[in-house]
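A look at the structure
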Amino acid sequence: SLFYLLAMAADVGGTGDVKVSEVRDLTRIERIGAHSHIRGLGLDDALEARNVSQGMVGQQDARRGAGIILNMIREGQIAGRAVLLAGQPGTGKTAIAMGMAKALGEETPFAMMAGSEIFSLEMNKTEALTQAFRKAIGVRIKEETEIIEGEVVEVEIDRPGGGSGASTSGSAAKTGKITLKTTEMETVYDLGAKMIESLEKERVQSGDVITIDKASGRITKLGRSFVHARDYDAMGAQTKFVQCPEGELQKRKEVVHVVTLHEVDVINSRSQGFLALFAGDTGEIRSEVREQIDGKVAEWREEGKAEIVPGVLFIDEVHMLDIESFTYLNRALESPLSPIVVFATNRGICPIRGTDMLSPHGVPVDLLDRLVIIRTLPYTPSEMIQILALRSTLEGIEIDEESLARLAEIGEATSLRHAVQLLTPAKILASTSGRDSIVKADVEEVNELFYDAKQSAKILTEQADRYIS
């Protein structure tokens, strides 16, 4: 199995045994965040940016540049280099990075961090950056497993009653048989107590198409056979119908798992194994653990069991890194296992942290030489209206065109972020007035109630003598 392979990657972990009694499906809780509406970069096949697409609005040149970088990533032609998204605050730098992540797909690792994070972790800065790098490097592990796949013809379970002096529990005494078939053959298999328990848990019945992993005994229900489509009304709208499997019942199937190098590091450096991934702070990982893992991964690649999936590491507020961190990044980008690094900053000419030297974007010139720089521009009023309309739809807010236009004016005078933040307070004002839709008066009132950073700074300047400084 995957975790057996991972455990074999480096024989340096603890020896504690961990038993997993049950694995449950988790329901993902979706919260509306600042970039929940982003679903990609909104490019066509010619890498031209559509004006409004996949949650992206405007920034055509920046999005087209990001799309070209994506193609280089997919073709493995950008290793050892990095990208810098540079622009004023509120010009969509993080949105473009999130769009790149969505466009790459779920199997491509994408790790995010802010430059200031490394100073608040309980580990040294280079270790924090190393972990971030390895979170953005995936390993696609291939393994073959034997499965039994077929349509259930019949399930027979014997539940012998407890006779005189019988002290065995009913579940332990259960025995049974299951008949499976494909389009070409039919076979009866004996069932033990654990298999019966799994069948009952999955509620397997005649007509279901299932797979059984021979190594682990795991049962997966693929759906109902099309032969039983006439039972659709009885089964409900959520029932999935599939074809009866063809060929042999017992098959060899290739299973592909994608994990990050950091996950393999953690699994092999903690006694809890893969459960250490859920323990929060993983602490520092010894270099010898990583060396042995890198060696094992190299062996797997030569044997065709694994391949490296270069991902993306997004570092926001890169100007917050210091000279030691930049020195590390210069070396790390030269590694053959380096992911694609995307930096973002809203700074102009400013000091490099930890020195008195001034540099563009607060980044040393030797690192800037390695970067492809993509510039983002301020949004136009019409683009702000489109973005605000997208956010309103996502948050289920009804708003008229006049109010959207007024919010765009506020965004142009302050910032797009401030305009977006006024949407929900305006909705609450509208609902307290008994209206379902936001009107211009709601926007005007929340604009008077809530100040933006520029207004607050102006008041502080005008009334400096009334504040403690």
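See the structure above.
Here is a short report on the structure shown in this document. (Residues numbered from 1 in each chain as written. Predicted model: local features only at pLDDT ≥ 70, side-chain atom pairs only at ≥ 80, totals over all residues. Heavy atoms only, no water.)

1. So, the pattern of salt bridges
Under the convention used in this document: By convention in these notes, a salt bridge is any Lys or Arg side-chain nitrogen within 4 Å of a carboxyl oxygen on Asp or Glu. Throughout this description, buried means an accessible area under 20% of the type-specific maximum (1.4 Å probe, protein chains only), exposed means over 50%, and partly exposed covers the range between.
Tallied over the entire structure, the rule returns 21 salt bridges. The salt bridge partner of Lys-305 is Glu-303, with a shortest N-O separation of 3.3 Å. The class for Lys-305 is partly exposed, based on a relative accessible area of 39%.

2. Overview of helix H13 (residues 401-413)
Test applied: Note on conventions: DSSP H or I runs of at least 4 residues are helices, E runs of at least 2 residues are strands, and numbering of each starts at the N terminus. Each residue after the first adds 1.5 Å to the expected span of a helix.
Spanning 13 residues, H13 covers 19 Å between terminal C-alpha atoms, matching the ideal 18 Å at 1.5 Å per step. Among the residues of H13, those classed as buried are Ser-403, Leu-404, Arg-406, Leu-407, Ala-408, Ile-410 and Gly-411.

3. With respect to the environment of Glu-197
Looking at where Glu-197 falls in the secondary structure, it is placed in helix H6 (residues 193-202). Of the residues examined, Glu-197 reaches a relative accessible area of 54% and is grouped as exposed. In the structure, Glu-197 is positioned 23 residues away from Lys-174 in sequence and 9.2 Å away in space, judged by C-alpha atoms.

4. Some words on the nonpolar core
We apply this condition: Residue types Ala, Val, Leu, Ile, Met, Phe, Trp, Tyr and Cys, when buried and joined through side-chain atoms within 4.5 Å, form a set referred to as a nonpolar core. Whether two residues are in contact is decided by their heavy atoms, any of which lying within 4.5 Å being enough.
Core analysis: the largest hydrophobic core is formed by 28 residues, its most contacted members being Leu-313, Ile-315, Phe-326, Leu-329 and Phe-343. Mapped onto this core, the elements with two or more residues apiece are strand S3 (82-86), strand S4 (110-114), helix H4 (125-135), strand S13 (312-316), helix H10 (323-332), strand S14 (340-345) and helix H11 (365-368). Once residues lying within four places of it in the same chain are set aside, the contact partners of Ile-315 are Met-113, Gly-115, Leu-129, Leu-321, Val-341, Val-342, Phe-343 and Ala-344. One finds Ala-49, Met-56, Ala-66 and Ile-73 within the second-largest nonpolar core, a separate group that totals 24 residues.

5. As for the side chain of Arg-134
Quick note on the threshold: In protein, a polar contact requires one atom able to donate a hydrogen and another able to accept it; more generally it is a pair of N or O atoms within 3.5 Å, and residues adjacent in sequence count only if both atoms are side-chain atoms.
Counting through the fold element by element, Arg-134 comes out in helix H4. Relative accessible area serves as the criterion here: at 7%, Arg-134 is assigned to the buried category. A distance of 3.0 Å separates a polar atom in the side chain of Arg-134 from a polar atom in the side chain of Asp-294. For Arg-134, the residues in contact, after removing those within four places along its chain, are Thr-260, Leu-261, His-262, Asp-265, Arg-290, Ile-293 and Asp-294.

6. Things to note about the pairing of strand S5 (residues 137-158)
Spelled out, the test is: Any two strands with at least two DSSP-identified bridges between them are counted as paired.
Judged from the five bridges that link them, S5 and strand S12 (residues 306-310) form a sheet pairing that is antiparallel. Bridged to Ile-141 within S12 is Ala-306. Bridge count for S5 against strand S11 (residues 250-260) is 11 bridges, and the pairing is antiparallel. The residue of S11 that forms the bridge with Ile-147 is Lys-251.

7. As for the packing of helix H15 (residues 423-432) against helix H16 (residues 440-449)
What counts, and what does not: For every element, the axis is a line fit to its C-alpha atoms; helices are fit only across the contacting stretch, and the angle between N-to-C directions ranges from 0 to 180 degrees. Just so you know how the angles are binned, under 35 degrees is roughly parallel, over 145 roughly antiparallel, 65 to 115 roughly perpendicular, and the rest oblique. Handedness of a crossing is defined here by the sense of rotation of the near helix relative to the far one, left-handed for an anticlockwise turn of less than a right angle and right-handed for a clockwise turn. Amino acid classes used here: Ala, Val, Leu, Ile, Met, Phe, Trp, Tyr, Cys and Pro are nonpolar; Asp, Glu, Lys and Arg are charged; the rest, including Gly, are polar.
At a minimum axis separation of 9 Å, H15 and H16 run at an interaxial angle of 125°. By the angle between their directions, the pair H15 and H16 is classed as oblique. The way H15 lies across H16 gives a crossing that is right-handed. Across the interface between the two elements, Pro-425, Ala-426, Leu-429 and Ala-430 of H15 pack against Asp-442, Glu-445 and Val-446 of H16. For the contact of H15 with H16, the per-class residue count stands at five nonpolar, no polar and two charged.

8. Considering the environment of Glu-143
Topologically, Glu-143 is positioned in strand S5. Separated by 111 residues in sequence, Glu-143 and Glu-254 place their C-alpha atoms 5.7 Å apart.

9. Overview of the packing of aromatic side chains
For clarity, the cut-off: Aromatic pairs are defined between Phe, Tyr and Trp rings, using the six-membered ring for Trp, whenever the two ring centres lie within 6.5 Å; interplanar angles under 30 degrees are classed as stacked, those over 60 as edge-to-face, and all others as tilted.
Enumeration over the complete set of coordinates arrives at two aromatic pairs. Each ring, one from Phe-133 and one from Tyr-328, has its centre 6.1 Å from the other, and the planes form 85°; the classification is edge-to-face. Of this pair, Phe-133 sits in helix H4 while Tyr-328 sits in helix H10, placing them 195 residues apart in sequence. Classification of Phe-133 as buried rests on a relative accessible area of 5%. Seen from their ring centres, Phe-226 and Phe-241 are 6.3 Å apart, and the 25° between their planes marks the pair as stacked. Of this pair, Phe-226 sits in the loop between strand S9 (219-225) and helix H7 (232-235) while Phe-241 is found in strand S10 (residues 241-242), placing the two residues 15 residues apart along the sequence. On the basis of relative accessible area, Phe-226 is assigned to the partly exposed category, the value being 43%.

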